[in-house]
Amino acid sequence: GAVVSQHPSWVICKSGTSVKIECRSLDFQATTMFWYRQFPKKSLMLMATSNEGSKATYEQGVEKDKFLINHASLTLSTLTVTSAHPEDSSFYICSARGQGPNEQFFGPGTRLTVL
Amino acid sequence: DAKTTQPNSMESNEEEPVHLPCNHSTISGTDYIHWYRQLPSQGPEYVIHGLTSNVNNRMASLAIAEDRKSSTLILHRATLRDAAVYYCILRDFHNNNDMRFGAGTRLTVKP
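Sequence order as written defines residue numbering, which begins from 1 separately in each chain. The lettering of chains begins at A and the numbering of ligands begins at 1, in the order of writing. For a predicted model such as this one, the threshold for reporting local features is a pLDDT of at least 70, and the threshold for listing and counting side-chain atom pairs is 80 or more; totals across whole chains, interfaces and linings nevertheless cover every residue. By convention in this description, side-chain values take in all heavy atoms of the structure and omit both hydrogens and water.

## Points about the sheet that holds strand β4 (residues 45-50) of chain B
Residues and elements named next belong to chain B.
Phase 1: In spatial order, the strands read β1-β9-β8-β3-β4; together these five strands make up an open sheet with mixed pairing. Lying at the two open borders of the sheet, with one neighbouring strand each, are β1 (9-13) and β4. The average undirected angle you get between the axes of adjacent strands in this sheet is 25 degrees.
Phase 2: Two strands are counted as paired when DSSP detects at least two bridges linking them. The helix and strand labels rest on DSSP assignments: H or I over at least four residues marks a helix, E over at least two residues marks a strand, and numbering proceeds from the N terminus. Taken together, the eight bridges between strand β3 (residues 31-38) and strand β8 (residues 84-92) define a ladder with antiparallel strand orientation. Within β8, the position partnered with R37 by the bridge is Y86. Lines are fitted to the C-alpha atoms to define the axes, a helix being fitted only along its stretch in contact, and any angle between axes, read from their N-to-C directions, falls within 0 to 180 degrees.

## Observations concerning the packing of aromatic side chains
Phase 1: Two rings from Phe, Tyr or Trp (for Trp, the six-membered ring) form a pair when their centres are within 6.5 Å of each other. A pair whose planes differ by under 30 degrees is stacked, one over 60 is edge-to-face, and the rest are tilted. Applying the stated criterion across every chain yields a total of nine aromatic pairs over all chains.
Phase 2: Taking 5.3 Å as the distance between ring centres and 75 degrees as the angle between the ring planes, the aromatic pair formed by A:F106 and B:Y36 counts as edge-to-face. Taken together, the residues span two chains, with A:F106 in strand β10 (residues 104-106) and B:Y36 in strand β3.
Phase 3: For B:Y36, a relative accessible area of 1% corresponds to the buried category.
Phase 4: Seen from their ring centres, B:Y36 and B:F101 are 6.4 Å apart, and the 65 degrees between their planes marks the pair as edge-to-face. Highlighted residues: B:Y36 in strand β3 and B:F101 in the loop between β8 and β9 (105-110), separated in sequence by 65 residues. Think of it in three bands: with a 1.4 Å probe and only protein chains considered, a residue is buried below 20% of the maximum accessible area for its type, exposed above 50%, and partly exposed in between.

## Points about the state of the cysteines
Phase 1: Criterion for a disulfide: a pair of cysteine sulfur atoms within 2.5 Å. Summed over all chains, the structure comprises two disulfides over all chains.
Phase 2: Across the disulfide from B:C22 sits B:C88; the S-S distance is 2.1 Å. Handedness of the B:C22-B:C88 disulfide follows from its S-S torsion of about -80 degrees: it is left-handed. Linking B:C22 in strand β2 (residues 18-23) with B:C88 in strand β8, this pair joins segments that are 66 residues apart in sequence.
Phase 3: B:C88 gets classed as buried once you look at its relative accessible area, which sits at 1%.
Phase 4: For the unlinked cysteine A:C13, the closest cysteine sulfur is that of A:C94, found at 18 Å.
Phase 5: Judged by its relative accessible area of 10%, A:C13 falls in the buried class.

## Description of the interface of chain A and chain B
Phase 1: When checking whether two residues touch, look at their non-hydrogen atoms; a contact exists if any pair is within 4.5 Å. Contacts between the two partners involve 21 residues from chain A, matched on the other side by 21 residues from chain B.
Phase 2: Here, a salt bridge means any side-chain nitrogen of Lys or Arg that lies within 4 Å of a carboxyl oxygen of Asp or Glu. Across the contact surface, chain A and chain B share one salt bridge.
Phase 3: A:E59 serves as the salt-bridge partner of B:R100, at 2.9 Å between the closest nitrogen and oxygen.
Phase 4: Contacts described as polar in this section are N or O atom pairs within 3.5 Å, which, within protein, must combine one atom able to donate a hydrogen with one able to accept it, while residues neighboring in sequence count only if both atoms come from side chains. The interface formed by chain A and chain B contains seven residue pairs in polar contact (both at pLDDT 80 or more).
Phase 5: Where the side of chain A that touches chain B is concerned, the elements lending two or more residues are β4 (32-38), β5 (45-51), β9 (90-97) and β10 of chain A.
Phase 6: Here the side of chain A that touches chain B is built from residues that sort into nine nonpolar, six polar and six charged. The residue classification treats Ala, Val, Leu, Ile, Met, Phe, Trp, Tyr, Cys and Pro as nonpolar and Asp, Glu, Lys and Arg as charged. All others, Gly included, are polar.

## Considerations on the pattern of salt bridges
All names here are of chain B.
Phase 1: By the definition in use, this model includes seven salt bridges over all chains.
Phase 2: We note a salt bridge from E11 to K110, for which the minimum N-O separation is 3.2 Å. Here K110 lies in strand β9 and E11 lies in strand β1, a separation of 99 residues in the sequence.
Phase 3: Overall, the relative accessible area of 55% leaves E11 in the exposed class.
Phase 4: Across the pair E15 and R77 runs a salt bridge, and its minimum N-O distance is 3.4 Å. Here the residue E15 occupies a position in the loop between β1 and β2, and R77 occupies one in the loop between β7 (70-75) and β8, the gap between them amounting to 62 residues. As far as the burial class goes, E15 and R77 line up, both exposed.
Phase 5: Connected through shared salt-bridge partners, R37, E45 and D82 make up one network.

Here's what the structure looks like:
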């Protein structure tokens, strides 16, 4: 099946710094990518939908100025957590919509720890 | 997307079949039923999906009730590697919109 990669797989940063997470579709073009956040023992929560070449659509309660999403190409979307704080520590997962009508592939996730 | 209801947790013995239920009483005619699973510290992994007919693949089988208000994911012989959280998700074929996760069922497999 299609592969979605994320980089880095884990990151530790100091409070107040910004962190960028990359999501790539390795063998297909993805016009739409999704970003999720998952806290321990909880389910995935959709943060935003990203369409190539246009602004991302954020879910209610997600601060667009804090979680900057850029989908500049058909194979790359980035999520930047700006001025990260300990409460932003979470598991961030991206997903890419495939070519078929029911295809959606998930990345392996990025664990962010903010000290 | 219509809502799904799953048991919070289930247990199974290794090498025995497992039936994971999902209720979706408000399913619409164009909703596909998707199942994903998530192993610890990993992203979700596709398991199977279907519309009306039962489906089989190398990972599992999906049994869909005649009225489509419920479905069951069947793992024919559970292994320790099948221990995961299993999510049942509905998604409208026409809208092909985002995929939203419920709480899922945490499956524990005992040796």
